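Observations on chain architecture
Here are the chains, one letter per residue:
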Amino acid sequence: MGIFSTSLVLLAVAALSAADGDDEFANYTITDRKFPDGFTFGVATAAYQIEGAWNIDGKGEQVWDTFIHERPERVDDLSTGDVASDSYHRYEDDVRCMKEVGVDYYRFSIAWSRIIPDGSGDKVSNEGIEYYTKLFKELKANGIKTMVTLYHWDLPTALEKQGGWLNPKIVEWFQQYALTCYTLFGEYVDVWVTINEPKQICHTGYGNGAYAPGVVSPGVGEYMCARHVLLAHAGAWRMFDEQFRPRLGSRNTIVIDSDWYEPATESEADRRAAEDKLQFVHGMYAHPVFKGDWPQVMTDNVATFSRLQGFKGSRLPAFTRQEVDFVRGTYDFLALNHYTTYMVSAIEGQEYPTEVSWDTDSGVNSYQKDTWQTAAIGWFKIVPWGFGKILRWLKATYGDIEIVITENGVSDRTGTLRDQHRIDYFKAYMSHMLDAMYDGGVNVTAYTAWSIIDNFEWTQGFNAKLGMYYVNMSDPLRPRIAKDSSKYFSSIISTRCLLDSCQ
Ligand code: BGC
């Protein structure tokens, strides 16, 4: 049972609870319910954040290499992922950490430009293939299953030079890359993830430009990107489904991240606003895959606002009927990355936003409360109850679907070995998850912690550490040192319980 085979079903009934204030959460007690049989635990990383070796053994340059080398000031501590945790040379140490913790599976990503240095074409890198083959073998030898992400934001720069995710050809390029990986590594992979967090790729990469490749095209480029990401995912999933699944028996899906959006008050307007925001954030990518086409509120808002803003047509590019059918149903389960929560209120008396962007197209206000505890990353407030709420919302929205948590975790600045805050975070977040499973009947079958080791946290550089193992980024040997949280996570896996004892 579980993510690697058939679904696990929990019998429970519960209604969605109404909007809540903070008080209700103050007295929350960590559950002593057990993780059900078949529930599995993993840890996650991504190529650019851990591998290093950015330009050796024939690896091609990718957009994060280029972005950070050209604009070093974009990273808080001016660091780079050039060496990062040096997992390219120290992957055996990573596997040793995982073995020590006792995880069931490892979620990691393949660097596209390590396999196809130019992004497209016939040239593949044997050294790149060798690296991942060694990693797969090491994992297998240690009894650790694999969940492999094809794309965790590191587009080969050669493709970005041709427009990257804004060029419709990306759909073909991505399929060719996916085919190469399925063919080369299919025998080693238990679960494939086509794309990680399309929201970050499109809104930070081609909307506000905060992340690589740093293209600023709010309200226009970000939607083109989204359309291409969805078509690329669907193409890669369908190819897998037809050509590889029958032989390999593995599974395949897309990872979509979402915060929880809580109505600021009980008013109908705020409830509507929170739902609209969820549709713009999660629904934008999930609705086409799980239900078909963009969410209605997106189609409506963007069309109306575009007209009032003086555009000729809607800034949201439509899918053809054929494309809607092509994208719909391209999943094996719903994969969620979740970290934080926002409050949402309606904007009264606004005919249309003057600023053009995906963010303003949702037509609502969102904010985080000052009273919520903050992690090292600014946007990142610790709100465990939001996790339970989004899980219940997913079930209410997409039906009784299998859900896998593909990322969840918390940052700090120091990488302290006595990371009680991370233990508290895991405990509280997973407790709300268990409640959603038992009381809400939400079918969660696996939980993946981000991350096993400290790594390069994008524009936070090494200022934000999320590992269960400390890595000193100035030590050339990059030793991995266990933090307290690794022992706690290990105890959850062996006892299947968040507390000292369970029911
Ligand atoms: C990303 C990770 C990142 C994590 C913590 C997720 O959005 O997939 O790459 O490290 O958040 O910020």
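Small disclaimer: the values here were computed from a predicted structure and weren't measured. (Residues numbered from 1 in each chain as written. Predicted model: local features only at pLDDT ≥ 70, side-chain atom pairs only at ≥ 80, totals over all residues. Heavy atoms only, no water.)

For strand 8 (residues 341–346), a buried count of 6 out of 6 residues is recorded, marking the element as mostly surrounded by other parts of the structure. Inspection of the sheet shows strand 6 (residues 260–263) paired to strand 8 by 4 bridges, in the parallel sense. Directly across from Pro263, in strand 8, lies its bridge partner Val344. Here strand 8 pairs with strand 9 (residues 364–367) via 4 bridges, running antiparallel. The residue of strand 9 that forms the bridge with Ala346 is Val364. (Buried < 20%, exposed > 50% of the residue type's maximum accessible area, 1.4 Å probe, protein only. Helix = DSSP H or I, 4+ residues; strand = E, 2+ residues; numbered from the N terminus. Pairing = 2+ DSSP bridges.)

By the definition in use, this model includes 23 salt bridges. Beyond isolated ion pairs, a larger network of salt bridges with shared partners links Arg33, Asp435 and Asp439. (Salt bridge = Lys/Arg side-chain N within 4 Å of Asp/Glu carboxyl O.)

Reading across the sheet, the 3 strands line up as 6-8-9 and stay open at both edges, with mixed pairing between neighbours. A strand with exactly one partner marks an edge of an open sheet, and here the two such strands are strand 6 and strand 9. Adjacent strand axes in the sheet meet at a mean angle of 35° when their direction is disregarded. The strands touched by helix 15 (residues 384–398) are strand 6 and strand 8; relative to strand 6, the strand with the most contacts, the crossing angle is about 95°. (Axes fitted to C-alpha atoms, helices over the stretch in contact; angles between N-to-C directions. Contact = heavy atoms within 4.5 Å.)

Next up on the list: the state of the cysteines. Note on terminology: a disulfide is the covalent bond linking the sulfur atoms of two cysteines. Inspection of the entire model under this criterion finds 2 disulfides. Each sulfur in the disulfide pair Cys202 and Cys225 lies 2.1 Å from the other. On the sign convention where negative is left-handed, the bridge of Cys202 and Cys225, at about -70° about the S-S bond, is left-handed. Linking Cys202 in helix 9 (residues 198–204) with Cys225 in helix 10 (residues 221–248), this pair joins segments that are 23 residues apart in sequence. (Disulfide = S-S within 2.5 Å.)

Every residue lining the ligand is accounted for by Gln49, His152, Trp153, Asn196, Glu197, Asn337, Tyr339, Ile377, Glu407, Trp450, Glu457 and Trp458. Asn196 places a side-chain nitrogen or oxygen 3.1 Å from an oxygen atom of the ligand. Calculation on the ligand without its partners gives an accessible area of 310 Å², and the protein chains cover 95% of this total. With respect to the detected pockets, the ligand is housed in the largest pocket. For the shell around the ligand, a count of residues per class yields 5 nonpolar, 4 polar and 3 charged. (Near = heavy atom within 4 Å. Polar contact = N/O pair within 3.5 Å; in protein donor to acceptor, adjacent residues only side chain to side chain. Areas by Shrake-Rupley, 256 points an atom, 1.4 Å probe, with all protein chains shown as cover. 1 Å grid on protein atoms, 1.4 Å probe; cavity = no way out; pocket = protein on both sides within 12 Å on 5 of 7 lines; lining within 4 Å. Sits in = over half its atoms within 2 Å of the grid points. Nonpolar A, V, L, I, M, F, W, Y, C, P; charged D, E, K, R; others polar.)

This next bit is on the packing of aromatic side chains. Per the stated rule, a full pass over the model turns up 45 aromatic pairs. Ring plane angle 55° and centroid distance 5.3 Å describe the contact between Tyr182 and Phe244, whose orientation is recorded as tilted. Taken together, the residues span a long stretch of sequence, with Tyr182 in helix 8 (residues 170–185) and Phe244 in helix 10 at a distance of 62 residues. Taken individually, Tyr182 and Phe244 each receive the classification buried, so the pair is uniform in this respect. (Phe/Tyr/Trp six-rings, centres within 6.5 Å; stacked < 30°, edge-to-face > 60°.)

Further remarks concern the nonpolar core. Taken as a class, soluble globular proteins show a tendency for nonpolar side chains to be buried jointly. Counting residues in hydrophobic clusters, the biggest one holds 154 residues, and the most contacted among them are Tyr132, Trp165, Leu391, Met433, Tyr447 and Phe489. Considering every element that reaches this core, the biggest residue donor is helix 10, with 12 residues. Beyond its immediate chain neighbours, meaning those up to four positions away, Tyr132 contacts Ala47, Glu51, Phe108, Ser109, Ile110, Ala111, Arg114, Ile115 and Phe185. With 10 residues, the next largest nonpolar core counts Val193, Phe333, Ala335 and Ala446 among its residues. (Core = buried A, V, L, I, M, F, W, Y, C linked by side-chain atoms within 4.5 Å.)

Attention now moves to empty space enclosed by the protein. Summed over the entire model, instances satisfying the criterion amount to 3 cavities of 30 Å³ or more. Taken as a whole, the largest cavity holds about 80 Å³ of empty space. Lining the largest cavity we find 14 residues, and of these Tyr151, Trp153, Ile201, Ala212 and Pro213 sit closest to its centre. Going through the elements one at a time, helix 3 (63–70) and helix 9 are the ones with two or more residues in the lining of the largest cavity. (Points joined across faces, edges and corners; volume = space filled by probe spheres on them.)

Right, let's talk about the UniProt feature "active site" (unreviewed entry) in the protein chain for a bit. UniProt's feature table lists "active site" (unreviewed entry) at Glu407, given in the numbering used throughout. As for its placement among the helices and strands, Glu407 is situated in strand 12 (residues 403–407). By relative accessible area, which is 4% here, Glu407 ends up buried. Excluding residues that lie within four positions of it along the chain, Glu407 makes contacts with Ala44, Arg107, His152, Asn196, Glu197, Leu336, Asn337, His338, Tyr339, Thr448 and Trp450. At a separation of 3.0 Å, a polar atom in the side chain of Glu407 contacts the side chain of Asn337. (UniProt positions renumbered as here; feature names shortened; annotations may be inferred.)

Right, let's get into the layout of surface pockets. Here the largest pocket defines a volume of roughly 990 Å³. Along the wall of the largest pocket there are 46 residues; nearest its centre are Lys199, Gln200, Thr204, Asp259 and Tyr342. Elements with a contribution of two residues or more to the lining of the largest pocket: helix 9, helix 14 (358–361) and strand 9. It is helix 9 that contributes the most residues to the lining of the largest pocket, 4 residues altogether. Residues of the lining of the largest pocket, tallied by class, amount to 18 nonpolar, 18 polar and 10 charged.

So, about the environment of His282. Summarising the element assignment, His282 is placed in helix 11 (residues 268–291). Filtering out sequence-adjacent residues up to four positions away, His282 remains in contact with Ile256, Asp257, Ser258, Leu334, Leu336, Trp393, Leu394 and Tyr398.

A cluster of nonpolar side chains, namely Val220, Met224 and Phe311, defines an oily patch on the protein surface of about 210 Å² accessible area. As for its position among the elements, Val220 is in the loop between helix 9 and helix 10. Judged by relative accessible area, Val220 falls into the partly exposed class, the value being 31%. (Patch = residues over 30% accessible without salt bridge, like charges linked within 9 Å, V, L, I, M, F, W, Y side chains within 5 Å.)

Among the 7 residues in strand 13 (residues 444–450), 7 count as buried, and that is most of the element. The pairing of strand 1 (residues 40–44) with strand 13 spans 5 bridges and is parallel. Its bridge partner lying in strand 13, Gly42 is registered against Thr448. Pairing analysis gives 3 bridges linking strand 12 to strand 13, with the strands arranged parallel.

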